[in-house]
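Each chain, written out:
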Amino acid sequence: SVATGGVAFDPIGGGTTTVAASIPGVIATAAATVTVTVTTPAITLFSLPTTVGAGLQAPGYTARLGASQHGGVTMRIESSNAAAARVAPNASTAGTAFIEVFIPNGQTDVTYTIQGIEGSSGTVIIRASAPGFTDQTGTVTVVQPAFRLEGLTTSTTSLSTDTAFYVALGLPSAGNGNLNAIQSVRVGSGGLTATITNSNAAVGQLTTLAGSGQSRTVTVAEGSPYSAGSVATGGVAFDPIGGGTTT
């Protein structure tokens with residue numbers, strides 16, 4: 001051991017090297033020369049490829065170093081096209097073209113959020129890099145988001161109490177029949193406004209804090225996948241008035 005006067009090989013970077021020893025007056029055998037190959041540990045990007053809605057965000061992605069005894073390094077996670085997709089260190093921070101996160105020695109993981117930018121579409125490359133590690137890439141596909149209404153009953157009576165309901169955002173299923181994943185409005189977007197209409201005024205009306213009518217608006221705040229769930233908190237309710245069918 002080094003502590004007792006010996007020698008140790010310290011791997012620094014990837015590649016191949018030859019370690020040889022010599023002693024005056026002593027024959028060096030073939031075994032006195034050793035070829036050592038040093039491989040660079042890699043970074044793993046979990047849950048990629050993935051899909052995110054334009055104007056929405058998906059949290060909880062992980063980038064992991066392939067070794068923990070690195071002495072402390074800074075990992076950089078970046079988007080190849082910040083006009084279409086950005087990254088953030090958490091679900092409450094507006095995304096940027098890249099983030100840099102320090103990883104203390106003994107630790108390996110960085111978690112991050114992917115955000116799609118409004119009006120964009122296409123495939124974006126996410127790259128993770130750190131000194132002493134091999135870069136890793138993965139892809140994110142940005143698609144047009146979708147929404148649905150939740151909480152609104154399909155059958156009620158004219159004497160029933162108002163029914164509060166809300167808008168849910170996410171990724172569309174095949175054929176746009178429903179959502180196949182719920183995603184929040186991206187932080188930094190300013191939120192989304194949904195206009196809700198009622199087709200038959202003789203059957204019912206829509207009520208919000210602004211009053212009742214056949215057309216009302218609700219907002220979906222940054223960081224949330226849903227509009228408010230009650231009128232008191234800024235949501236909308238259906239007020240049944242008379243018998244019939246409405247949309």
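From a predicted model like this one, the values you see are computed outputs, not experimental measurements.

Calculation rules
Residues numbered from 1 in each chain as written. Predicted model: local features only at pLDDT ≥ 70, side-chain atom pairs only at ≥ 80, totals over all residues. Heavy atoms only, no water. Helix = DSSP H or I, 4+ residues; strand = E, 2+ residues; numbered from the N terminus. Buried < 20%, exposed > 50% of the residue type's maximum accessible area, 1.4 Å probe, protein only. Contact = heavy atoms within 4.5 Å. Salt bridge = Lys/Arg side-chain N within 4 Å of Asp/Glu carboxyl O. Pairing = 2+ DSSP bridges. Core = buried A, V, L, I, M, F, W, Y, C linked by side-chain atoms within 4.5 Å. Patch = residues over 30% accessible without salt bridge, like charges linked within 9 Å, V, L, I, M, F, W, Y side chains within 5 Å. Areas by Shrake-Rupley, 256 points an atom, 1.4 Å probe, with all protein chains shown as cover. Axes fitted to C-alpha atoms, helices over the stretch in contact; angles between N-to-C directions.

## Notes on the side chain of T207
Then, number 1: Within the secondary structure layout, T207 lies in strand β17 (residues 204-208).
Then, number 2: Residue T207 is classed as buried on the basis of its relative accessible area, which comes to 14%.
Then, number 3: Among residues more than four places away in sequence, those in contact with T207 are D162, S212, R216, V231, G235, V236, A237 and D239.

## Observations concerning the pattern of salt bridges
Then, number 1: Overall, the coordinates contain 6 salt bridges when judged by the stated rule.
Then, number 2: Here E78 ties to R76 by a salt bridge, and the two come within 3.4 Å at their closest N and O atoms.
Then, number 3: When the shortest N-O distance is used, the salt bridge between R76 and E100 registers 3.1 Å. Within this pair, whereas R76 is found in strand β6 (residues 73-79), its partner E100 is found in strand β8 (residues 98-103), the two being separated by 24 residues in sequence.
Then, number 4: Overlapping salt bridges bring together R76, E78 and E100 as one network.

## What to know about the pairing of strand β13 (residues 163-172)
Then, number 1: In terms of burial, β13 is a largely internal element, 7 of the 10 residues being buried.
Then, number 2: Pairing geometry for strand β12 (residues 146-150) and β13, over 5 bridges, is antiparallel. Each residue of the ladder has a partner; that of A146, found in β13, is G170.
Then, number 3: One ladder, built from 3 bridges, connects β13 with strand β20 (residues 236-240); its direction is antiparallel. Residue pairing in the sheet places T163 in a bridge with F238 of β20.
Then, number 4: Pairing analysis gives 3 bridges linking β13 to strand β14 (residues 179-182), with the strands arranged antiparallel. Each residue of the ladder has a partner; that of L171, found in β14, is A181.
Then, number 5: The antiparallel pairing of β13 with β14 creates a hairpin that spans 6 residues between the two strands, and G175 there sits at a positive phi of about 80°.

## Description of unusual backbone geometry
Then, number 1: With an omega dihedral of 5°, the bond running from L48 to P49 counts as a cis peptide bond.
Then, number 2: Relative to the helices and strands, P49 is located in the loop between β3 (43-45) and β4 (50-53).
Then, number 3: Not every positive phi belongs to a glycine, and S47 is a case in point at roughly 65°.
Then, number 4: Secondary-structure assignment places S47 in the loop between β3 and β4.
Then, number 5: Even without glycine at this site, N176 takes up a positive phi of about 60°.
Then, number 6: Topologically, N176 is positioned in the loop between β13 and β14.

## Focus: the environment of A130
Then, number 1: Mapping A130 onto the fold places it in the loop between β10 (122-129) and β11 (136-143).
Then, number 2: Under the relative-accessibility criterion, A130 is labelled buried at 8%.
Then, number 3: Along the chain, A130 and L171 lie 41 residues apart, while their C-alpha atoms are 32 Å from each other.
Then, number 4: When sequence neighbours within four positions are dropped, the list of residues in contact with A130 reads I43, L65, V73, T74, M75 and D135.

## Here's the deal with the nonpolar core
Then, number 1: With 27 residues, the main nonpolar core has L48, L65, M75, I77 and Y112 as its most contacted residues.
Then, number 2: Residue assignment for this core shows that the elements contributing at least two residues are β3, β5 (56-65), β6, β7 (85-88), β8, β9 (109-116), β10 and β11.
Then, number 3: Looking at this core, the element that brings in the most residues is β5, giving 4 residues.
Then, number 4: When residues no more than four places from it in sequence are discounted, the contact partners of I77 are A63, V87, A97, F98, I99, V110, Y112, I126, R127 and A128.
Then, number 5: By size, the runner-up hydrophobic cluster in this structure holds 13 residues, among which are L56, F165, L169 and F238.

## Topic: a nonpolar patch on the surface
Then, number 1: Nonpolar side chains collect at one region of the surface, where F9, V19 and V34 lie side by side and expose about 240 Å² of accessible area between them.
Then, number 2: Residue classification places V34 among the partly exposed positions, given a relative accessible area of 42%.

## Regarding the sheet that holds β6
In any sheet, the strands associate via hydrogen bonds between backbone groups, in a parallel or an antiparallel arrangement.
Then, number 1: Judged by pairing direction, the sheet is mixed, and its 5 strands sit side by side in the order β4-β11-β10-β6-β8 without closing on themselves. The sheet is open, and its two borders are formed by β4 and β8, each paired with just one other strand. Put simply, the sheet's adjacent strands are angled 25° from each other on average, direction ignored.
Then, number 2: Judged from the 4 bridges that link them, β6 and β10 form a sheet pairing that is antiparallel. Within the sheet, the bridge partner assigned to E78 lies in β10 and is R127.

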